[in-house]
Amino acid sequence: MGNADIRRLDREIQKTNRKLEAVRNEETWPLTSAERRAVLAALAGGSYRFARGKSTDRADRRLESIHQSVQTRLIAELTALQSERQRLVTEAAQAKAAKKSSGWW
């Protein structure tokens, strides 16, 4: 049971790392639908202002804050997965030690 759970968590950790790297490269596939809508709204507002010859600072700040919040969310997920993996590894080690020490020798 323990090793299967650890392998599952390892896969989830790798997937979350890939998502985090994609967000750092400003890719949109790891974003949730709400985050995608916010990015598209900021891009639309910025392009409208750009077409009118005005400053796009507000849209740029909005995009940057969205990317920061997505990174924060993914880092929190990654931390939670890693702490859960560590807990499972510790439990498995304790169970193995208890099984070894209960031998008849």
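Keep in mind that what you see is a predicted model, and the values were worked out from it rather than measured. (Residues numbered from 1 in each chain as written. Predicted model: local features only at pLDDT ≥ 70, side-chain atom pairs only at ≥ 80, totals over all residues. Heavy atoms only, no water.)

1. Things to note about the environment of isoleucine 75
- When you line up the elements, isoleucine 75 lands in helix α3 (residues 57–101).
- Taking the C-alpha atoms as reference points, isoleucine 75 and leucine 20, separated by 55 residues in sequence, lie 7.5 Å from one another.
- In this structure isoleucine 75 touches Leu20 and Arg24, once residues within four positions along its chain are discounted. (Helix = DSSP H or I, 4+ residues; strand = E, 2+ residues; numbered from the N terminus. Contact = heavy atoms within 4.5 Å.)

2. Focus: the pattern of salt bridges
- On inspection of all chains with the given rule, the structure shows 6 salt bridges.
- For the salt bridge of arginine 73 with glutamate 77, the shortest nitrogen-to-oxygen distance reads 3.1 Å. Residue arginine 73 and its partner glutamate 77 are both found in helix α3; the two are separated by 4 residues, about one turn of the helix.
- The partly exposed category is assigned to arginine 73, whose relative accessible area is 25%.
- Of the residues examined, glutamate 77 reaches a relative accessible area of 32% and is grouped as partly exposed.
- The shortest N-O distance in the salt bridge between arginine 87 and glutamate 84 comes to 2.5 Å. Taken together, the residues span about one helical turn, with arginine 87 and glutamate 84 both in helix α3 at a distance of 3 residues.
- Salt bridges here are not isolated pairs; linked through shared partners, they connect Glu35, Arg73 and Glu77. (Salt bridge = Lys/Arg side-chain N within 4 Å of Asp/Glu carboxyl O. Buried < 20%, exposed > 50% of the residue type's maximum accessible area, 1.4 Å probe, protein only.)

3. Here we look at the nonpolar core
- In this structure, Val23, Leu31, Val39, Ile66, Val70 and Leu74 are the most contacted members of the largest nonpolar core, which totals 16 residues.
- The set of elements that each furnish at least two residues to this core consists of α1 (2–24), α2 (33–51) and α3.
- Here this core takes 7 residues from α3, the largest share from any one element.
- Beyond its immediate chain neighbours, meaning those up to four positions away, leucine 74 contacts Thr16, Lys19, Leu20 and Val23. (Core = buried A, V, L, I, M, F, W, Y, C linked by side-chain atoms within 4.5 Å.)

4. Quick word on α3
- Under the 1.5 Å per step criterion, the end-to-end length of α3 is 65 Å for 45 residues, consistent within 8% with the ideal 66 Å.
- For α3, every residue scored as buried is listed here: Ala59, Leu63, Ile66, His67, Val70, Gln71, Leu74, Leu78, Leu81 and Leu88. (Expected span 1.5 Å × (residues − 1).)

5. Observations concerning the packing of α2 against α3
- In contact at an axis separation of 8 Å, α2 and α3 are set at 165° when each is read in the N-to-C sense. Judged by the angle between their axes, α2 and α3 are roughly antiparallel. Handedness of the α2/α3 crossing: left-handed. Note on element contacts: α3 touches α2 through Ala59, Arg62, Leu63, Ile66, Val70 and Arg73, opposite Glu35, Ala38, Val39, Ala42, Leu43 and Gly46.
- Residue composition of the contact of α2 with α3, by class: 8 nonpolar, 1 polar and 3 charged. (Axes fitted to C-alpha atoms, helices over the stretch in contact; angles between N-to-C directions. Parallel < 35°, antiparallel > 145°, perpendicular 65-115°, else oblique. Left-handed = near helix turned anticlockwise from the far one by under 90°. Nonpolar A, V, L, I, M, F, W, Y, C, P; charged D, E, K, R; others polar.)

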